[in-house]
Amino acid sequence: MSTTQLYTKYTRVWIPDPDDVWRSAEIIKDYKEGDKSLQLKLEDETLYEYPIDLQGNELPFLRNPDILVGQNDLTALSYLHEPAVLHNLKVRFLESNHIYTYCGIVLVAINPYEQLPIYEQDVIYAYSGQNMGDMDPHIFAVAEEAYKQMAREEKNQSIIVSGESGAGKTVSAKYAMRFFATVGGSASETNIEAKVLASSPIMEAIGNAKTTRNDNSSRFGKYIQIGFDKRFHIIGANMRTYLLEKSRVVFQAEDERNYHIFYQLCASASLPEFKDLGLTCAEDFFYTSQGGDTSIDGVDDADDFEKTRHAFTLLGVKESHQMIIFRIIAAILHLGNLEIQGERDGEACSVSSEDEHLSNFCSLLGVEHSQMQHWLCHRKLVTTAETYVKSMSLHQVVNARNALAKHIYAQLFNWIVQHINKALHTTVKQHSFIGVLDIYGFETFEVNSFEQFCINYANEKLQQQFNSHVFKLEQEEYMKEEIPWTLIDFYDNQPCIDLIEAKLGILDLLDEECKVPKGTDQNWAQKLYDRHAASQHFQKPRMSNTSFIVLHFADKVEYQSEGFLEKNRDTVYEEQINILKASKYQMVADLFQEEDTVPTTAVGKGAPRISVRSARPAFKAANKEHRKTVGHQFRNSLHLLMETLNATTPHYVRCIKPNDEKLPFKFDPKRAVQQLRACGVLETIRISAAGFPSRWSYPDFFNRYRVLMNKRDLSKNDKRQICQTLLEDLIKDPDKFQFGRTKIFFRAGQVAYLEKLRADKFRAATIMIQKTVRGWLQRTKYQRLRRATLVLQRYARGCLARRLAEHLRRTRAAIILQKQYRMLRIRRAFQRIRNATLTIQAFARGMFVKRIYHQMLIEHKAIILQKYVRGWLARVRFRRLRAAAVVLQCHLRRLRAQRQLRALRIEARSAQHLKKLNIGMENKVVQLQRKVDEQNKEYKLLNEQLSMLTSAHSSEVEKLKKELQQYQQSQRGDDNQLLSLQGEMEQLRMELEKAHGEREVIEDSHGKEKDLLRKRISDLEEENALLKQEKEELNRRILCQSEDEFARNTVEENIQMKKELEEERSRYQNLVKEYSSLEQRYDNLRDEMTIIKQAPGHRRNPSNQSSLESDSNNPSICTSEIGDTEDVIQQVEEVGMEKAAMDMTLFLKLQKRVRELELERKKLQTQLEKKEQERQKSQVIETKTQVTPEHEDFAYNSLKRQELESENKKLKNELNELRKAIADHATQNNSSNDMRDSYNLLLNQLKSANEELEVRKEEVLILRSQIMKAAQQKDMGKNMESISPNASWPNSDRHVDQEDAIEAYQGMCETNRKTEDWGYLNEDGELGLAYQGLKQVARLLEAQLQDQRREHEEEMEALRNQVDLMQEELEKQQQAFLQTLQLSPEVQVEFGLQQEITRLTNENLDLKELLEKLEKNEKKLKKQLKIYMKKIQDFEASQTMVPVERRSHERNMQVAVQRKEKDFQGMLEYYKEDEPLLIRNLITDLKPQAVSATVPCLPAYILYMCIRHADYINDDQKVHSLLTSTINGVKKVLKKHHDDFEMTSFWLANTCRLLHCLKQYSGEEGFMTQNTAKQNEHCLKNFDLTEYRQVLGHLSIQIYQQLINIAGGILQPMIVPAVLENESIQGLSSVKPMGYRKYSSAVAEGDSSYSLDEMIRQLNTFHSIMCDQGLDPEIIQQVFKQLFYMINAVALNNLLLRKDVCSWSTGMQLRFNISQLEEWLRGKNLQQSGAAQTLEPLIQAAQLLQLKKKTSEDAEAICSLCTSLTTQQIVKILNLYTPVNEFEERVTVAFIRNIQKHLQERNDPPQLLLDFKHMFPVLFPFNPSAITMDSIHLPASLNLDFLNKV
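A quick note: this is a predicted structure, and the numbers were derived from the prediction, not measured.

### Some points on the overall build of the protein chain
- For the protein chain, the helix and strand inventory stands at 57 helices and 26 strands.
- Buried residues in the protein chain amount to 43% of all 1846 residues.
- Of the roughly 103,000 Å² that the protein chain leaves accessible, carbon and sulfur atoms contribute 53%.

### A look at the pairing of strand 15 (residues 378-382)
- Bridge analysis of strand 15 against strand 16 (residues 387-391) gives five bridges, and the strand direction is antiparallel. Residue pairing across strands places H378 opposite S391, the latter belonging to strand 16.

### Some words on the sheet that holds strand 8 (residues 157-163)
- One open sheet accounts for seven strands, arranged 6-7-21-8-17-11-12; its pairing is mixed. Edge positions in the open sheet fall to strand 6 (100-103) and strand 12 (234-242), since each of these has one partner strand only. Sheet twist, expressed as the mean angle between neighbouring strand axes with direction ignored, is 20 degrees.
- Pairing analysis gives seven bridges linking strand 8 to strand 17 (residues 432-440), with the strands arranged parallel. Bridged to Q157 within strand 17 is I434.
- Contacts from helix 4 (residues 139-153) reach strand 6, strand 7 (106-110), strand 8, strand 11 (221-228), strand 17 and strand 21 (649-656) within the one sheet, and its direction differs from that of strand 21 by about 170 degrees.

### Describing the pattern of salt bridges
- Evaluated as defined, the whole model comprises 29 salt bridges.
- D44 is the salt-bridge partner of R23, the closest N and O atoms lying 3.2 Å from each other. Of this pair, R23 sits in strand 2 (residues 21-27) while D44 sits in the loop between strand 3 (37-42) and strand 4 (47-51), and the two are 21 residues apart along the sequence.
- R809 serves as the salt-bridge partner of E806, at 2.4 Å between the closest nitrogen and oxygen. Separated by three residues within a single helix, E806 and R809 lie in helix 26 (residues 750-908), roughly one turn from each other.

### As for the environment of Q1173
- Mapped onto the secondary structure, Q1173 falls in helix 34 (residues 1144-1186).
- Separated by 174 residues in sequence, Q1173 and D1347 place their C-alpha atoms 8.4 Å apart.
- Here Q1173 is in contact with R1350 and E1354, once residues within four sequence places are set aside.

### Some details on a positive patch on the surface
- Taken together, R893, R896, R899, R902, R905 and R909 make up a surface patch of like positive charges.
- Relative to the helices and strands, R909 resides in the loop between helix 26 and helix 27 (912-918).

### Section: the nonpolar core
- Formed by 325 residues in total, the largest nonpolar core has its most connected members in F180 and F548.
- Broken down by element, this core gets its largest block of residues, 18 residues, from helix 48 (residues 1586-1621).
- Counting residues in hydrophobic clusters, the runner-up holds 19 residues, among them F701, L727, Y753 and L754.

### Regarding the side chain of T1706
- Positionally, T1706 belongs in helix 52 (residues 1704-1723).
- Filtering out sequence-adjacent residues up to four positions away, T1706 remains in contact with L1620, D1700 and V1701.

### Here's the deal with the side chain of K461
- For K461, the position within the fold is in helix 13 (residues 450-481).
- Among residues more than four places away in sequence, those in contact with K461 are I497, E501, L638, H639 and M642.

### Brief notes about the packing of helix 13 against helix 20 (residues 630-646)
- The geometry of helix 13 relative to helix 20 is characterised by a closest axis approach of 11 Å and an angle of 25 degrees between their N-to-C directions. By the angle class used here, helix 13 and helix 20 are roughly parallel. Once helix 13 is placed against helix 20, the crossing between them reads as right-handed. Touching F450, C454, Y457, A458, K461, L462 and Q465 of helix 13 are V630, G631, F634, R635, L638, H639, M642, L645 and N646, all from helix 20.
- Considered class by class, the residues forming the contact of helix 13 with helix 20 number 10 nonpolar, four polar and two charged.

### Thoughts on the pairing of strand 17
- Counting buried positions over the nine residues of strand 17 gives nine, a clear majority of the element.
- Covered by surrounding structure in strand 17 are S432, I434, V436, D438 and Y440 together with F433, G435, L437 and I439, the residues of both alternating faces.
- Both strand 11 and strand 17 contribute to a ladder of seven bridges, which runs antiparallel. Looking across to strand 17, one finds that Y223 is bridged to L437.

### Re unusual backbone geometry
- The backbone of Y10 shows a phi angle near 75 degrees, a positive value even though the residue is not glycine.
- On the accessibility criterion, Y10 (58% relative accessible area) is exposed.

### Structural notes on the state of the cysteines
- According to the stated counting rule, one finds zero disulfides in the structure shown.
- Between C266, a cysteine without a disulfide, and C281, which holds the nearest cysteine sulfur, the sulfur-to-sulfur distance is 7.7 Å.
- When its relative accessible area of 8% is taken as the criterion, C266 is described as buried.

### A look at a nonpolar patch on the surface
- On the surface, a nonpolar cluster with roughly 400 Å² of combined accessible area is contributed by I769, V773, W776 and L777.
- Relative to the assigned elements, W776 resides in helix 26.

### A word on helix 44 (residues 1498-1512)
- When the terminal C-alpha atoms of helix 44 are compared, their 21 Å separation across 15 residues agrees well with the 21 Å that a helix rising 1.5 Å per residue should span.
- Among the 15 residues of helix 44, 15 are classified as buried, and the element is accordingly described as predominantly covered.
- The positive-phi residue at the C-terminal boundary of helix 44 is N1514, with phi of around 60 degrees.

### A closer look at the packing of aromatic side chains
- Inspection of every chain in the model, using the stated rule, returns 42 aromatic pairs.
- Their ring planes at 15 degrees and their centres at 5.2 Å tell us that Y259 and Y409 sit as a pair that is stacked. Residue Y259 is found in the loop between strand 12 and helix 7 (260-267), and its partner Y409 is found in helix 12 (residues 394-423); the two are separated by 150 residues along the sequence. Y409 carries the same exposure label as Y259, and that label is buried.
- Ring plane angle 55 degrees and centroid distance 5.3 Å describe the contact between F1680 and W1720, whose orientation is recorded as tilted. One end of the pair, F1680, is in helix 51 (residues 1673-1696); the other, W1720, is in helix 52, and 40 residues separate them in sequence.
- F1680 gets classed as buried once you look at its relative accessible area, which sits at 0%.
- Residue placement shows K1681 over the ring face of F1816; its charged tip is 4.7 Å from the ring centre.
- Seen from the ring of Y125, K1813 lies directly overhead, with NZ or CZ sitting 4.5 Å from the centre.

### Looking at the confidence of the model for the protein chain
- Looking at the protein chain, the pLDDT average stands at 77 and 77% of residues meet or exceed 70.
- Counted against residues more than four places away or in other chains, residues 595-626, with its pLDDT under 50, gives 71 contacts.
- For residues 1182-1192, every residue scores under 50 in pLDDT, and the model assigns this stretch seven contacts once sequence neighbours within four places are set aside.

### Looking at helix 54 (residues 1736-1746)
- The buried count for helix 54 comes to eight of 11 residues, which makes it a mostly enclosed element.
- Taken together, the buried positions of helix 54 are P1737, L1738, I1739, Q1740, A1741, A1742, L1744 and L1745.
- Contact partners of the buried residues in helix 54: helix 48, helix 51, helix 52, helix 53 (1731-1734), helix 55 (1752-1761) and helix 56 (1767-1776).

### Some details on the packing of helix 13 against helix 14 (residues 494-501)
- Two numbers describe how helix 13 lies on helix 14: the axes approach to 10 Å, and their chain directions differ by 140 degrees. When the axis of helix 13 is compared with that of helix 14, the two are oblique. Between helix 13 and helix 14 the crossing geometry is left-handed. Contacts from F453, Y457, E460, K461 and Q464 in helix 13 reach Q494, C496, I497, I500 and E501 in helix 14.
- Across the contact of helix 13 with helix 14, the residue classes tally to five nonpolar, two polar and three charged.

Rules behind the numbers
Residues numbered from 1 in each chain as written. Predicted model: local features only at pLDDT ≥ 70, side-chain atom pairs only at ≥ 80, totals over all residues. Heavy atoms only, no water. Helix = DSSP H or I, 4+ residues; strand = E, 2+ residues; numbered from the N terminus. Buried < 20%, exposed > 50% of the residue type's maximum accessible area, 1.4 Å probe, protein only. Areas by Shrake-Rupley, 256 points an atom, 1.4 Å probe, with all protein chains shown as cover. Pairing = 2+ DSSP bridges. Axes fitted to C-alpha atoms, helices over the stretch in contact; angles between N-to-C directions. Contact = heavy atoms within 4.5 Å. Salt bridge = Lys/Arg side-chain N within 4 Å of Asp/Glu carboxyl O. Patch = residues over 30% accessible without salt bridge, like charges linked within 9 Å, V, L, I, M, F, W, Y side chains within 5 Å. Lys, Arg positive; Asp, Glu negative; His and termini not counted. Charge placed at Lys NZ, Arg CZ, Asp CG, Glu CD. Core = buried A, V, L, I, M, F, W, Y, C linked by side-chain atoms within 4.5 Å. Parallel < 35°, antiparallel > 145°, perpendicular 65-115°, else oblique. Left-handed = near helix turned anticlockwise from the far one by under 90°. Nonpolar A, V, L, I, M, F, W, Y, C, P; charged D, E, K, R; others polar. Disulfide = S-S within 2.5 Å. Expected span 1.5 Å × (residues − 1). Phe/Tyr/Trp six-rings, centres within 6.5 Å; stacked < 30°, edge-to-face > 60°. Lys NZ or Arg CZ within 6 Å of the ring centre and 35° of its normal. pLDDT = per-residue confidence, 0-100.

Structural data, given as structure tokens:
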């Protein structure tokens, strides 16, 4: 293929750019041979003319097609060059946010400067066990490849992580170690990884520092070896360090810092434990202040120091050692602040003895102050003859001090590393290891010194090893494919390495110059110029004589020779070291003692076995000739590292720093290219491009480029021959490709050429399709327009005609409207004028009438005035005349009267007249005298009372006067105060009156409010009743209207309850799963111990002593009836407190039993009290039966008398109150009017009292006669004293009743004494006799009333409690009803349902409690029956002396046969010694095929029949032994066949069937609803095996989980090939080019790939096995739901981690495959299992791949469709989406941001991958069998002849 064919129009190329390094452009004119320039158009539409060098013919790099951009592996690119690599990394990093990319065997990791969710535990599991090329690039993929190769090839591995400072090397190494810890058996960051992570703060504190490029730069290299045992589990680790930058301790460049530990210690200097260190802030010390700013933004040194101390503690460093470490660090700071004073022109110097820092230095290290002061400024010279002490110059002293500081820090660093290795050490033998090398990358600064030289030297060695490894792999691939190859020329940096380390090289000359006594850096540089001036890798700068340039593989670096000799010598004087060896602190002395005793830094006695050799040999004494220089030591350690790496299989991780600003997802092309060149990635590309970089397998090539083949070639069956024919036709140059054994190899650019031909073919076909489709569309459009035009014309013409008719109608209507309107207008004008005229006339006529009216009115008023005046005048005249007449009449009548008076006076003087007047006066006088006497008596009585009151009043007045005088005497001098007090009294009196008034007002208002409230309550009650009726009516209506909604809500609630139940069951089953795993571990350990011990003759199976024993023994406790608490406690003590404490069920039952006994005790006590009351009551009744009817009359009369006495007592109290009121009133008011009023009131009250006493007197007389008659009839004697002892009144002796009676009697006597009839009433003592009899009757009635009152109070209390409860319930219902009325009708219905459910639940709980009580009674009766049966058996055994146990057993059986002859059917009898044989034949050695032709689950039925017989004969030990042996036997079989699906399914079915049988025949009504009468006869009679059912349930869960694990292990390798990779629709998918990682791990087609049909066949196998073995359909559905969830999780996780399957064609293929699985579910009638719903996330992922991804409407559609996918999963799929063809478009970054914006409201979990190990909770529903026990046949093949049918 010629150049002119490649550089054609529309071809895109790369041109250099000063800002972006490379820039894309498009050719707008075909290139021809000899053109001097190339016409280009840039991306911003500007034109550019690219000049071409005709001699070199250097054309610009070609750009790869868009389909190849974004590849996981850079070697998959057709054009392999720098701009293609840079662009691919940029697209993946910025657009897809992928930080990892393969480049052949190298993993390129770009630091995102942001935390990404791609390192969780589920991601580790997703990458574990996968091929490296199958998944997206990841550090876990590299770690998995290393782990897999170590396990497969049993060869040590190494992961080499390199890169610039800040590129993320340490983080990558950390994640690699986390992966090893997880897959190597140390999950969740435990064991070694936790210790290594704990060492990170320490190593960062003592080995990291701030540089100009990184705030936390590692200034040393480290190699961590993680050791594994034979099972490839982590057992230990070891760390080796390289080239600590010691010069940083004494010197820092600008904007840099010393090691972090110095600043951390200074920041914590204020702590009390650090007061003795003498530290201040870091700015005060020379060694920490040279770089300027001593702080780092966002870093808290004090907080980091706490983390460092905590890490020291975790690694076992004692507090004392920590303090010594901090003392040494503080001493180094004080050493840097020494003030050295020069003497004799600088030839000598000294340190003041009073120097504070020197004192602190000596005290902190525990050395002699004077010796250190002397030897800091002097040195010892040893010759053959004598020894001299020489003073040192100022420069020499400073250098010696700095060397001492560096040496102390280096020794401390080594000691800490050794201690970390001790903490990571293990004694287990190492089988293999994986090393993780975290080492510095290539460095170049403005000033490069000895450290940069060593770092770049190490990178040269690593690059050489990397180049040779890449070259070797490349050549091995060619040889493996059996293609001819020639030696690839690759860059070999051996000359540069020889320049550094060969004889007389840079390091050799440096060591030689160091040996010269007065060697200098300038002399050494001059020797380099002289020796290596001709070397191609060495240059001399033009402007310097002290610098030199080395051309490294990455770049040329200029080194300044100043300081090389000093750093290489690392001179430390022996005298100073000897002083430190004599330190009083043992740890300080030990740091320097090791120099003589230990030639290397290998750890001593506690060194881990993993360590190969130490990387850092220890320093020798300064003055010994054989002491090695730093360069020599580093060269040796580097050789040791290279030996280790060469002995392992290396894996490379190159970390790239995308920008220097540390901004997330910002890509700086200049910095990236610089690092790509330095880390060897481009060299890998160059090596690959030199050979055949593009490689295709024959099937992939055939599928991709079949469109370029003709039909004749496609008809052939040999795909390889078809590919060869096609390539020979398309590519004429045979050197451009080679045919290998399984792949086709292409030169660079050939795949792009094939892609161009394929695109042209597609473009031509597309044009043809477009032409045809467009023609069809235009014809269809024309026909549609023509039909539309005809329709429009028809409708338009009709519209015009209708419009004309409408116009005519409107014109005619307008004329008519005009006519009518004009008529109406004229008529209205006429009427308006007429109405105005009438109005004017009316007003005018009214005015005239008013005038006439007013005139008449005036005249009428005048007449009235005249009338009244004339009348008045006439009346005045009449009165004057009448007065004169009256005067005359008076004078006349007076005259006549005077005359008559004179006559009467004369007549009165006669005697006869006086006699007439005195007739009848005597009678009146007598009457008046009697009346006066009576009034005198009354007055005398009242006067006596009044005198008494007056005397009391006068005495009280006198007393008050005395008190007043005393008070006046005491208060005589304080008149003002008295006045004030009187005023206050008046004020208080007024306030009191006011308060009384307010009180009356308040009482009135309270009464009114109370009445209102009562009325309101009555109204509310009526309203409540009405509301209740309305509620009932509404409920009836709502229930009628919302039956469907109720059903739906019920279904939703059931689903929610099921979900919660499943979650609870899941937690429970997880516990069971953990229990089974622990039990499995126990069995494994037991087997190992058995093998180790090899004890002969020990045949007992120790599994009986496992944890199952507790499961099998505890039921025996529970089966012994719980009704008897004492027996339960006794059995618990027999079993043991430890097991009893573990049996929580038993504990709860005992606790419940205690509560029941307490209730029963209270009930008995209440009954006892009732019995006592009934006894007393019966005594009273017996007494009453002895009383005659006369006594009853007597009692009635006594009761009547008692009432009279109480009335008299009441009257007496009223009289006393009246007296008191009169006395009080008399005291307050002494006026005569008040006294008279009181007197009148008293008289009235006395009169009423006398009248009442008269009535009572008559009643008492009647009662007295009746009492006397009764007394005479009973012959009680002459006096009433003899009645008392003879009468049997029950309550006659009660003192309280006597006092009450006496008080009443005295009150009556007191009242009667005041009357004049007292002597008549009590003249014979009859009232006393009546009182005595009445007293006896009162006592009798009192006893009866007390009994009745007690009973009544009890009944009232009970009724009151019931009323309270009813009121509370009513209030709750009213509140609920009021709340319900505020809700919507739907919510009202739901609330009503909840209330009804609550009520039913409470009723169910009550019924359940009642049922439990009945069950307890039943169990108690059973236990008693059992005890009686045992007694009978013991009695029979004692009567019969037959020694043979079997005969005794048969005799007991005969007794049972005679007792229960009808229950013998369906039972199998066996002897105890035959139980192991039964277990072996029926469980251990049984094959599922042996019972395949019989009843399903036959072993379960046989076992139940044996259990039933043991239950029938009431042998609990036999039941316990059989069930325990059965469970242990099943577990043993499952352990033996742990990977056999058929065996596991078989025993799952039998275990479930045995569990169902134990439920079906347990006798519980809930399990017997579907039983027949015959089956009910087969129920268990004696034992309750509930606990065993629980153990069998646990066993069923374990078997189910094992079944799922087996099926999952079989299906998991099939899922990804069958669901994602299988091409069910032929020709749909198009394969893209794959890189080195893909084809290096790929295998030949058909070797291990699975199709969808194979997976469906496997599912059919599972289904048929479970159905044939009689497994419950519900369990089968749950099995397939779990398996389909695993299919969904594995496929979706793989899809989320693979870029090559995220395409439109894969989505179509995936949707078809899922539809096949759904069709299979429907065919097996499993659509109700929920398995199809578990595939919903995978279905939505397939739909997401097929949907359009351009507009915002597409984004909304995606968000509404993908509800089962999380936000991270959706974004991840969109980032991974890759077009397979050029006609597809990529997903833009803006569209992905739009999706994220739409999904912000979701609260999705942050987890990206699904947990494919998640297991749904299993449910074993009760499934009774229709088979009866007596219908089961035992096949002879089972060898169960020892079983006898009963």
